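Fold and contact review
What follows is each chain in one-letter form.
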Amino acid sequence: VSRIAFIGLGIMGAPMAANLVKAGHEVHGYNRGAAPRERLAEAGGTAAGSVAEAVEDAGLVITMLPDGPDVSAVCLGEAGAYAAARPGALHIDMSTIAPEVATELAEAAAARGLRALDAPVSGGQAAAVDGQLSIMVGGSGTDFDEALPVLQAMGTTVVHVGPAGSGQTVKAANQLIVAGTIELVAEAIVFLEAYGVDTGPAMQVLAGGLAGNRIIDRKSAAMLRRDFTPGFRVDLHHKDMGIVTAAARRKDVVIPLGALTAQLMTALRARGDGNLDHSALLKLVELLSGRVSDAR
Ligand code: NAD
């Protein structure tokens, strides 16, 4: 048993923290507002009254927050995690943020005698609940080895992918592939419906061939029902498309399909659908195809 601070108890953080409790760790958690902290206490953790209170005496500090500015505010603020952490503590940021912010955090941690890993996740809420996340880790190999048993309480595929920032770079690639795949599945669904094809069996046979993919497996049934309950919100994927397009541009890498998908995600969000699941890209394909009237 070791003491772990867990900051950010949202859709993903709450079940991840609960899995750490189940694995026998002493988890002190903090989130804005009382409700998420009470849920952690019900799951067997300890509700802390502030970031500093959660972090004191913890050997490991985990953050699972929306975006880079949130992680920077929590870590670098005056009463923040880095000021309150005990010397030598290891920070694992599991949020999805820009790779260069992850690198800056690793440098800030080192300057204060702390250590940092970037360890963003893939798999969504269901995998977070089941402890089956895919976790891509950037940072030193020694720190990775130390963190591995804890990460394995939250994920089944845990891979060290390189130095600080590398985890976030791999996650940016992940989000590029996921968004593009959702868009293509959405286009295929609207196309098939226009021809009156029975889409259930169509998805089944597509899933068995070279076109098969996890989006068809996990999301097409809900897409066919037009159920866009999140899951992973359009707002968050919009953030991630901003990360991957900016990071690609910085290295002069051209990602035309990614850039187009980023624009479609922006359009969906601008229409007011930021809180829907990212599979709602289907709505936009229907609209662009004139297959639904725009009641808005
Ligand atoms: P969320 O919005 O449900 O959770 C974030 C939590 O952080 C919220 O409860 C919020 O109140 C809290 N918070 C924000 N700023 C804070 C602060 N300064 N102090 C204390 N608490 C603060 O988001 P989520 O879906 O859990 O996602 C978290 C991260 O994981 C994001 O970076 C997201 O891109 C990534 N992610 C999400 C999924 C998914 O399927 N939801 C999958 C993979 C990765």
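Preceding this paragraph is the structure being described.
Scope of this entry: the structure provided in the associated data block.

Conventions we followed
- Along each chain, residues carry numbers from 1 onward, in the same order as the chain's sequence is written.
- Reporting in this predicted model follows two pLDDT cut-offs: at least 70 for local features of residues, and 80 or more for side-chain atom pairs to be given and counted; totals over whole chains, interfaces and linings ignore these cut-offs and use all residues.
- With hydrogens and water excluded, all non-hydrogen atoms of the structure serve as input to the side-chain values.
- Side-chain atoms within 4.5 Å are what join buried Ala, Val, Leu, Ile, Met, Phe, Trp, Tyr and Cys residues into a set we call a nonpolar core.
- Only protein chains enter the area calculation, which uses a 1.4 Å probe; residues under 20% of their type maximum are buried, those over 50% are exposed, and those in between are partly exposed.
- Helical segments are the DSSP runs of H or I of at least four residues, strand segments are the runs of E of at least two, and each set is numbered from the N terminus.
- Residues are treated as being in contact if the distance between any of their heavy atoms lies within 4.5 Å.
- Patches here are clusters of residues that have more than 30% relative accessible area and form no salt bridge, with a 9 Å joining cutoff for like charges and a 5 Å cutoff for nonpolar side chains (Val, Leu, Ile, Met, Phe, Trp, Tyr).
- Here the Shrake-Rupley method, with its probe set to 1.4 Å, supplies the accessible areas, and only the displayed protein chains count as covering residues.
- One speaks of a salt bridge when a side-chain nitrogen belonging to Lys or Arg is within 4 Å of a carboxyl oxygen belonging to Asp or Glu.
- Strand pairing is assigned whenever DSSP identifies at least 2 bridges connecting the two strands.
- Any residue with a non-hydrogen atom lying within 4 Å of a molecule or strand is treated as near it.
- Under this definition, polar contacts are N or O atom pairs within 3.5 Å; protein pairs additionally need one hydrogen-donor-capable and one acceptor-capable atom, and for neighbouring residues in sequence, both atoms have to be side-chain atoms.
- In this description, one arc is meant: the one made by directions from the helix axis to the C-beta atoms.

Looking now at the nonpolar core. Residues Ile7, Val51, Val55, Tyr82, Leu105, Met223 and Leu282 are the most contacted members of the largest nonpolar core, which totals 57 residues. The leading source of residues in this core is helix 9 (residues 166-194), at 9 residues. With near-sequence residues (within four places) excluded, Ile7 lies in contact with Tyr30, Val51, Ala54, Val55, Ile62, Thr63, Met64, Leu65 and Val74. Among the nonpolar cores identified, the runner-up in size contains 31 residues, and Ile4, Val21, Ile62 and Ala128 belong to it.

A contiguous nonpolar patch, built from Val159, Val161 and Val170 and spanning about 190 Å² of accessible area, is present on the exposed surface. By the element assignment, Val161 lies in strand 9 (residues 155-162).

This brings us to the pairing of strand 4 (residues 60-63). Consecutive residues of a regular strand have side chains that alternate between opposite faces of the sheet. Burial of strand 4 is two-sided: the residues Leu60 and Ile62 facing one way and the residues Val61 and Thr63 facing the other way are all buried. Inspection of the sheet shows strand 1 (residues 3-7) paired to strand 4 by 4 bridges, in the parallel sense. The partner of Ile7 across the bridge, within strand 4, is Thr63. For strand 4 and strand 5 (residues 90-93), the ladder comprises 4 bridges, and the chain directions are parallel.

Contacts to the ligand come from 22 residues, most closely from Ile11, Met12, Asn31, Pro66 and Lys239. Separating an oxygen atom of the ligand from a backbone N or O atom of Ile11 is a distance of 2.9 Å. The separation between an oxygen atom of the ligand and a polar side-chain atom of Lys239 is 2.8 Å. In isolation the ligand has 830 Å² of accessible area, and contact with the protein removes 88% of it.

Attention now goes to helix 2 (residues 34-42). Note: α-helices contain 3.6 residues per turn, so residues at a spacing of three or four share the same orientation. Inspection of helix 2 places Pro36, Arg37 and Leu40 among the buried residues, and these make up the whole buried set. Down the axis of helix 2, the sector holding all buried residues measures 100°, keeping them to one side. Looking at the buried positions of helix 2, the neighbouring elements they touch are helix 1 (13-22), strand 2 (26-30) and strand 3 (46-47). Positive phi appears at Gly44, one or two residues downstream of helix 2, with a value of about 105°.

A few words now on the environment of Gln152. Its location among the elements puts Gln152 in the loop between helix 8 (141-151) and strand 9. Take Gln152: its relative accessible area is 46%, and that puts it in the partly exposed class. In sequence terms Gln152 and Gln132 are 20 residues apart; their C-alpha atoms lie 8.6 Å from each other.

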